[in-house]
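Each chain is listed here by its residues.
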Amino acid sequence: MRTITYFLAGSLVALTPASLCAQNFDMQLMMKWADTQVVAYAITGVYSAETNIAYQDKSGQVGDVTDRITIDFTWNVRKNALVGDAKWKNFPSATANLRNLVKGCPPPRLTGAYEHFDLTAVATSGQERVDLAGTTTFPTVALSDCTGATEKRTVSGKTDKRVVYLPVPDPTILAMPTQTTGGQMKFVVAPDKKSFSIKIDGWTWTYVPTRIS
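Only a predicted model underlies this, so the values are computations on that prediction, with no experimental measurement involved. (Residues numbered from 1 in each chain as written. Predicted model: local features only at pLDDT ≥ 70, side-chain atom pairs only at ≥ 80, totals over all residues. Heavy atoms only, no water.)

1. A short note on unusual backbone geometry
Counted only if it meets this: Helix and strand assignments come from DSSP, with helices taken as H or I runs of at least 4 residues and strands as E runs of at least 2, each series counted from the N terminus.
Phi is positive for Gln56, close to 50 degrees, though the residue is something other than glycine. Its location among the elements puts Gln56 in the loop between strand S3 (38-52) and strand S4 (61-76). One non-glycine residue, Asn80, lies in the positive phi region at around 50 degrees. Structurally, Asn80 is set in the loop between S4 and strand S5 (81-100).

Okay, structure coming up:
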């Protein structure tokens, strides 16, 4: 069995067969995936977090934002590279519970919709991840700063380019214990061991791997 390397707790961690057993890995499942070279991933990303909805404004104009993306691609595990082109689908964002983080200050008013992330391109990064290029669309926002006297003003809308870094772990992660924390990322393996999720930066990414070779 090859040594498996994961990016955990901000550094690369190499796991040998002996250490895998010690950490309660599912060795039968590990053997199933250990020699995988190419895998197809069906990935669903769900965003849910308190988010600033005024472009480059730090006065605390936030809402509870949700978003969703589905992505399908084939991945060369050994080369950490895409095989062919990725396919994806964007879904509209939703914003609720608009509020000003300054106590007693009225909530912002949006003129148009806030769109958290629209994916436009998926690219190999050369590491254990892909780079998701896209845009965030901020609407025009009418707000009050409440900085001493109530300061009413308008923040203009803007479409901003963004890159989201999507980890692409080795599929042997399915053999890991149900929940593992690595730095800012939390890994959760489904009870049926057919999918796993990574929680990072407000996103929950759920991966369903299918072995190609």
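Read on for the rest.
2. Remarks on the state of the cysteines
The cut-off we apply is this: Here, a disulfide means two cysteine sulfur atoms that sit within 2.5 Å of each other.
In this structure the tally under the stated criterion is one disulfide. Disulfide pairing places Cys105 opposite Cys146 at an S-S distance of 2.0 Å. Sign of the S-S torsion, about 90 degrees for the bond between Cys105 and Cys146, identifies this disulfide as right-handed. Here Cys105, found in the loop between S5 and strand S6 (109-111), pairs with Cys146, found in the loop between strand S9 (140-144) and strand S10 (152-155); they are 41 residues apart in sequence, far enough to count as distant.

3. So, the sheet that holds strand S11 (residues 158-167)
Operational definition: One requirement defines pairing of two strands: DSSP has to find at least two bridges between them. Every axis corresponds to a line fitted to the C-alpha atoms, with the helix fit spanning only the stretch in contact, and the corresponding angles, defined between N-to-C directions, vary from 0 to 180 degrees.
The antiparallel open sheet is built from three strands, whose spatial order is S7-S8-S11. Each end of this open sheet is capped by a strand with a single partner; those strands are strand S7 (115-124) and S11. Across the sheet, the mean angle from the axis of one strand to that of its neighbour is 25 degrees, orientation sign disregarded. Of the strand pairs in this sheet, strand S8 (residues 129-138) and S11 are connected by 10 bridges, and their pairing is antiparallel.

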